[in-house]
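What the coordinates show
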Amino acid sequence: MKPPLLDILTPSSLAEALSLLSEHGDEARPLAGGQSLVPLLNFRMSRPAILIDLNQIADLAYIKDAGDYIAIGAMTRERSIEDSDLVRKEAPLLQEATTQIAHLPIRNRGTIGGSLANADPAAEYPAVVLALECELVVQSVRGERRIKAAAFFEDVLTTALEPDELLTEIIVPKAPSGSSSAFVEIARRHGDFALAGIAAQITFANSAPTDVRLAVCGAGTTASRLTAAEEIIQRDGVGPEAIKAASEAAASAVDPMSDLHASADYRRRLTGVMIGQAVEKAAQRAGVIS
Amino acid sequence: MKAPRKVSLTVNGEALSGEASPRMLFADFLRDVLGKTGTHVGCEHGVCGACTVIVDDVAVRSCLMFAVQAEGADVKTVEGLADGEELHPLQKLFSEHRALQCGYCTPGMLMTAIDLVASNNALSEQDIKVGMSAALCRCTGYDGIVKAVTAYAEQVHGKPIKRESDNG
Ligand SMILES: Cc1cc2nc3c(=O)[nH]c(=O)nc-3n(C[C@H](O)[C@H](O)[C@H](O)COP(=O)(O)OP(=O)(O)OC[C@H]3O[C@@H](n4cnc5c(N)ncnc54)[C@H](O)[C@@H]3O)c2cc1C
Ligand code: FES
Ligand code: FES
């Protein structure tokens, strides 16, 4: 189908975009890469009167080294993140997850800000920003606030963003030395949304895990941290027994939905299996197990 | 203001312009306003890849872009591949490897493959399979498509790619 009747406004600066958004309120939606929003418009599942196109705001697309962290502009394309040497070096989890999003032509347009603001329960980026404990910078004409990733995702396709706010920057702490990561997921075909996926970020000291972060996507209304599984790995290490116990803890912690792609039971099982694979892969990459 | 606007852009090296109302998808603009019907439309939600064209050097779904967003863009469509009667090397390989039957998916397959091969000079056959799964073909079973794109990647990057069938 075709999009509903609408108008497109094309601000060339962030300030202009924020004032348009505040002026038009609920009538308007920001348009980033359009890779989630335009399908919804074509299906008439979303009917905003006005789209505020962010694609001409050049200073919202960047990847910057800011010392302890990387700052990524909301309009940075998924392809640029995938290709960034800085991201590969300092936040390898983010790079690995990006390669598992959709396909190249989608990643050429899709943005990190659009994916996070969209908050699809099966999307990779929400799990990554939870595991990396990122902060999300949000702006409106009323000012700026920083939201911790843990407080950003509220429900299916629902975030802490107010209607007049734009996500402008993602603050990605650099992975500490001695840390290792893995992003693993199962999808029916490469490029489909994950049935379940795990982002694992683990710091090791003398082969023992000292900081374990495990986040899941696809197995609930939002991505979430799996704290019970994290505690088991942190306490008992990355041997087969501990991994098995963590997998079981993860499977019983999630509350997935059944849909036409997979049943809730299957997603729960997958969550456990993916925990095992992600922890093993991260530990292998750290050289802690072979 | 929902009135049509003038959109000026370059398509296959030619400066063109046309009128588009804000809601018009770029795929429809190419086909219905500019008459470039080589670009096909399948699903209109980004899944099938039939509408894939190259905008400012990268492959994008033209069904997920608005025409007004293409103002000033440099666009390549399937019509721009051949040089007169002389087919583009990738088109020749599609023909040689029988990479099409009905041809509906082919324009999108070609544009997808060109960006995929340009994006990476060390593609494996598996990368090509994954990359070409970005577009759906209901006829060929992909065997010919993967062979054609693998041969094309070898031509472009000047080094052989190991095939799974090489394992014996
Ligand atoms: C075939 C296909 C397969 C896909 N597979 C995957 C997949 O496997 N994994 C995955 O994660 N994604 C997948 N996607 C979605 C893709 O990653 C999207 O690009 C992404 O989810 C949304 O990013 P966008 O920039 O296109 O945002 P848009 O579609 O432009 O916007 C999405 C939503 O966010 C809002 N928004 C956008 N930017 C901002 C901002 N800066 N501030 C506030 N609100 C904003 C918009 O108003 C809209 O509601 C797929 C898409 C397609 C078409
Ligand atoms: S018509 Fe655009 S992807 Fe199917
Ligand atoms: S050749 Fe018919 S769909 Fe691909």
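That block above? That's the structure.
This is a predicted model, so every value here is computed, not measured. Position numbers for residues start from 1 in each chain and track the written sequence from start to end. Note on labels: chains are lettered from A, ligands numbered from 1, in written order. Per-residue local features of the predicted model are confined to residues with pLDDT of at least 70, and side-chain atom pairs are confined, for both listing and counting, to 80 or more; whole-chain, interface and lining totals are unaffected and use all residues. Calculation of side-chain values draws on the structure's entire complement of heavy atoms; hydrogens and water are dropped beforehand.

1. Quick look at the overall build of chain A
Helix and strand labels come from DSSP, where a helix needs a run of H or I of at least four residues and a strand needs a run of E of at least two; each type is numbered from the N terminus. Within chain A one finds 11 helices and 14 strands. A compact globule built from 290 residues should have a C-alpha radius of gyration of about 19 Å, and chain A, at 19 Å, falls within 12% of that. Here chain A holds 290 residues, and the buried ones make up 56% of them. Here the Shrake-Rupley method, with its probe set to 1.4 Å, supplies the accessible areas, and only the displayed protein chains count as covering residues. On chain A, roughly 12,000 Å² of surface is accessible, and the fraction owed to carbon and sulfur atoms is 50%. In this treatment the radius of gyration is a C-alpha quantity, and the globule benchmark scales as 2.2 Å times the residue count to the 0.38 power. Between buried and exposed lies partly exposed: a residue is buried under 20% and exposed over 50% of the maximum accessible area for its type, with that area taken using a 1.4 Å probe on protein chains only.

2. Quick look at the overall build of chain B
Check the secondary structure of chain B and you find 5 helices and 5 strands. Each helix and strand of chain B, ordered N terminal to C terminal, gives the series β-β-α-β-β-β-α-α-α-α. Since a compact globule built from 168 residues should have a radius of gyration of about 15 Å, the 17 Å found for chain B is in line with a globular shape. Dimensions of chain B, computed from C-alpha atoms along their principal axes, come out at roughly 65 × 30 × 25 Å. By the burial criterion, 52% of the 168 residues in chain B qualify as buried. For chain B, the accessible surface area stands at approximately 7,500 Å², while carbon and sulfur atoms represent 49% of it. Between the centroid of the 16 positive side chains of chain B and the centroid of its 21 negative side chains there is a distance of 4 Å. Neither His nor the chain ends is counted toward charge; the positive residues are Lys and Arg and the negative residues Asp and Glu. Positions of charges follow a simple convention, taking NZ of Lys, CZ of Arg, CG of Asp or CD of Glu.

3. Quick word on the interface of chain B and chain A
By the convention used here, residues are in contact when the closest approach between their heavy atoms is within 4.5 Å. At the interface, 28 residues of chain B touch 31 residues of chain A. Accessible area that two parts lose when put together, with a 1.4 Å probe and added across both, is what the buried area reports. A combined buried area of about 2,500 Å² lies between chain B and chain A, and 57% of that area is made up of carbon and sulfur atoms. We define a salt bridge as a side-chain nitrogen of Lys or Arg found within 4 Å of a carboxyl oxygen belonging to Asp or Glu. For the pair chain B and chain A, the interface holds 4 salt bridges. For Glu 44 of chain B, the salt bridge is made with Lys 2 of chain A, and the minimal N-O distance between the two is 2.3 Å. Here a polar contact is recorded for every N or O atom pair within 3.5 Å, except that within protein the pair must consist of a potential hydrogen donor and a potential acceptor, and residues adjacent in sequence are included only if both atoms are side-chain atoms. For the interface between chain B and chain A, the tally reads 11 residue pairs in polar contact (both at pLDDT 80 or more). When residues of the side of chain B that touches chain A are traced back to their parent elements, those giving at least two are β4 (58–61) and α3 (106–119) of chain B. For the side of chain B that touches chain A, the residue count by class is 15 nonpolar, 6 polar and 7 charged. Amino acid classes used here: Ala, Val, Leu, Ile, Met, Phe, Trp, Tyr, Cys and Pro are nonpolar; Asp, Glu, Lys and Arg are charged; the rest, including Gly, are polar.

4. Focus on helix α10 (residues 240–253) of chain A
Expected span, for any helix, means 1.5 Å times one less than how many residues it has. Along its 14 residues, α10 of chain A runs 20 Å from first to last C-alpha, staying within 8% of the 20 Å computed at 1.5 Å per residue. The complete set of buried residues in α10 of chain A reads Ala 242, Ile 243, Ala 246, Ser 247, Ala 249, Ala 250 and Ala 251 of chain A.

5. Structural notes on the site of ligand 1
Around ligand 1 sit 32 residues in total, of which Pro 30, Gly 34, Leu 37, Thr 111 and Glu 124 of chain A are the nearest. Think of it this way: one heavy atom of a residue within 4 Å of a molecule or strand is enough to make that residue near it. Near ligand 1, residues from chains A and B are present, making the site a shared one. Pro 30 of chain A has a polar backbone atom sitting 2.6 Å from an oxygen atom of ligand 1. Measuring from an oxygen atom of ligand 1, one finds a backbone N or O atom of Ser 115 of chain A at 3.4 Å. Coverage of ligand 1 by the protein amounts to 94% of the 970 Å² it exposes when considered alone.

6. A word on the side chain of Arg 61 of chain B
Turning to its location among the elements, Arg 61 of chain B is positioned in strand β4. Despite its burial, Arg 61 of chain B remains without a salt bridge, the nearest opposite charge being carried by Asp 192 of chain A at 9.0 Å. Polar side-chain contacts of Arg 61 of chain B include one of 2.9 Å to the backbone oxygen of Gly 46 of chain B. Reaching out from Arg 61 of chain B, the side chain makes a polar contact with the side chain of Thr 52 of chain B at a distance of 3.3 Å. Dropping the residues within four chain positions of it, Arg 61 of chain B is found in contact with Gln 35, His 103, Pro 105 and Ile 106 of chain A together with Gly 46, Val 47, Gly 49, Cys 51, Thr 52 and Ala 134 of chain B.

7. Digging into the packing of aromatic side chains
For this analysis, a ring pair means two rings from Phe, Tyr or Trp (six-membered ring only for Trp) whose centres lie within 6.5 Å, classed as stacked if their planes differ by under 30 degrees, edge-to-face if by over 60, and tilted for the remaining angles. This model, assessed by the stated rule, comprises 2 aromatic pairs over all chains. Look at Phe 152 of chain A and Phe 153 of chain A: their rings are 5.1 Å apart centre to centre, the planes differ by 90°, and that puts the pair in the edge-to-face class. According to the relative accessible area criterion, Phe 152 of chain A is buried, its value standing at 0%. Owing to a relative accessible area of 10%, Phe 153 of chain A belongs among the buried residues under this scheme. Ring centres of Phe 26 of chain B and Phe 29 of chain B lie 6.4 Å apart, and the angle between their planes is 25°; on these two criteria the pair is classed as stacked. Of this pair, Phe 26 of chain B and Phe 29 of chain B both sit in helix α1 (residues 26–33), separated by 3 residues, roughly a single helical turn. Judged by relative accessible area, Phe 26 of chain B falls into the buried class, the value being 0%. A relative accessible area of 0% places Phe 29 of chain B in the buried class. By definition here, charges over rings are those cases where NZ of Lys or CZ of Arg is within 6 Å of the ring centre and within 35 degrees of the ring normal. When the ring centre of Tyr 62 of chain A is taken as origin, the NZ or CZ atom of Lys 64 of chain A, which lies over that ring, is 4.2 Å away.

8. Re unusual backbone geometry
All names here are of chain B. Unusually for a residue other than glycine, Asp 57 sits at a positive phi of about 75°. Tracing the sequence through the fold places Asp 57 in the loop between β3 (52–55) and β4. Exposure remark for Asp 57: the relative accessible area of 60% places this residue in the exposed category. Its identity is not glycine, yet Arg 98 carries a phi of approximately 50°, on the positive side.

9. Describing the pattern of salt bridges
Evaluation of the coordinates by the stated rule reveals 27 salt bridges over all chains. Note that Glu 248 of chain A is salt-bridged to Lys 244 of chain A, the shortest N-O span being 3.5 Å. With Glu 248 of chain A and Lys 244 of chain A both in helix α10 and 4 residues apart, this pair spans about one turn of that helix. In this structure Glu 248 of chain A comes out as partly exposed when scored by relative accessible area, which is 48%. In this structure, the salt-bridge partner of Lys 129 of chain B is Glu 164 of chain B, at a minimum N-O distance of 3.0 Å. Of the two residues, Lys 129 of chain B is situated in helix α4 (residues 125–132) and Glu 164 of chain B in the segment after α5 (143–157); the sequence distance between them amounts to 35 residues.

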